[in-house]
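# Analysis of the macromolecular model
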Amino acid sequence: MSTTILQATVGAGKTEAALARLSQVISDSQRPFAKAWVLLATKRQEVAFRQRLIDLQDERAVYFNAEFFNFYDLNARILNLAGQPPRRINESARLGLLRKILYDLQREGELETFSPIIHTSGFLRVVADLIYELKQNLVYPETYLKAVKTAKDNELAMIYGRYQHLMQAHNFVDREGEGWLALEAIEKKLDLVRDVDLLLVDGYDQFTPVQIALLSRLSLQADEVVVTLTKAPDEQDAREKPVV
């Protein structure tokens, strides 16, 4: 198992190198039907990547066993492999649940600071985004509660804790929570993606802590991992960094 990081500025050939490696792996006669997972940031990048892959060969070329994901699709794929298909709550239901939590906490007298604005859609959206940001950074409700220093932070911690409790009580998961579950699944089952010959990650310039942790665990199971990273033009020259 090996991991290679290709870091360069925009237009320096990172994606071309990644495409070449993908083509080599899935066209290798010594590894018929090699499995490749390609992780891309957006649907637009996926469409462009697929077309460039096709353009590498003549019209007779056919590629098998190459799957394309963004991180959210990858989380769901891992959970399905682990036999834990997620029950993702949609955004409207999520906001409805969060609104109920705000009203309940206000009625219980727990939101003195935010009570005047909890009925506004703007506050609801800010809190919803904050919860996603906390989850992206692997900040659990109990961790956030221990770190509070002000009354405002304490109220936000209560909202976050109540939200997560209700999600778990009803066996629901939100978009960012799927990342937590996928990470947990791959940590528990060390051969979950052992049959992946190549994990190729392209089109990202940064990762959240959850994404970094997931890629780290995947690199311990997939046979080969190639990650491209975009850097600022004023940084050092592009170089290939093999990682054990």
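Read on for an overview of the structure. (Residues numbered from 1 in each chain as written. Predicted model: local features only at pLDDT ≥ 70, side-chain atom pairs only at ≥ 80, totals over all residues. Heavy atoms only, no water.)

## Regarding unusual backbone geometry
You will see that F33, though not glycine, has its phi angle at about 60°, which is positive. Inspection of the secondary structure assignment puts F33 in the loop between α1 (14-26) and β2 (36-40). One non-glycine residue with positive phi stands out, namely L138, at about 60°. By relative accessible area, L138 is classed as partly exposed at 28%. (Helix = DSSP H or I, 4+ residues; strand = E, 2+ residues; numbered from the N terminus. Buried < 20%, exposed > 50% of the residue type's maximum accessible area, 1.4 Å probe, protein only.)

## A few points about the pattern of salt bridges
Under the definition given, this model contains 20 salt bridges. Between R31 and D223 there is a salt bridge whose closest N-O contact spans 3.6 Å. Here D223 lies in the loop between α9 (209-219) and β5 (224-230) and R31 lies in the loop between α1 and β2, a separation of 192 residues in the sequence. Overall, the relative accessible area of 23% leaves R31 in the partly exposed class. One salt bridge connects K100 with D104, and the closest N-O pair in it is separated by 2.6 Å. (Salt bridge = Lys/Arg side-chain N within 4 Å of Asp/Glu carboxyl O.)

## Examining the nonpolar core
Counting residues in each nonpolar core, the largest one holds 26 residues, and the members touching the most others are L98, L102, V127, Y144, I159 and Y163. Elements supplying a minimum of two residues to this core: α4 (91-107), α5 (121-136) and α7 (151-169). Those residues in contact with I159, other than ones at most four positions away along the chain, are L98, I101, L102, L105, L111 and V127. Counting residues in each nonpolar core, the second largest holds 24 residues, with L39, L79, V196 and L218 among its members. (Core = buried A, V, L, I, M, F, W, Y, C linked by side-chain atoms within 4.5 Å. Contact = heavy atoms within 4.5 Å.)

## Considerations on the packing of helix α3 (residues 71-81) against helix α8 (residues 177-188)
Axis separation between α3 and α8 bottoms out at 9 Å; the angle between their running directions is 45°. Taken together, the axes of α3 and α8 are oblique relative to one another. Crossing angle aside, the handedness with which α3 passes α8 is left-handed. Here α3 contributes Y72, N75, A76, I78 and L79 to the contact with α8, which in turn contributes E178, G179, L181, A182 and A185. (Axes fitted to C-alpha atoms, helices over the stretch in contact; angles between N-to-C directions. Parallel < 35°, antiparallel > 145°, perpendicular 65-115°, else oblique. Left-handed = near helix turned anticlockwise from the far one by under 90°.)

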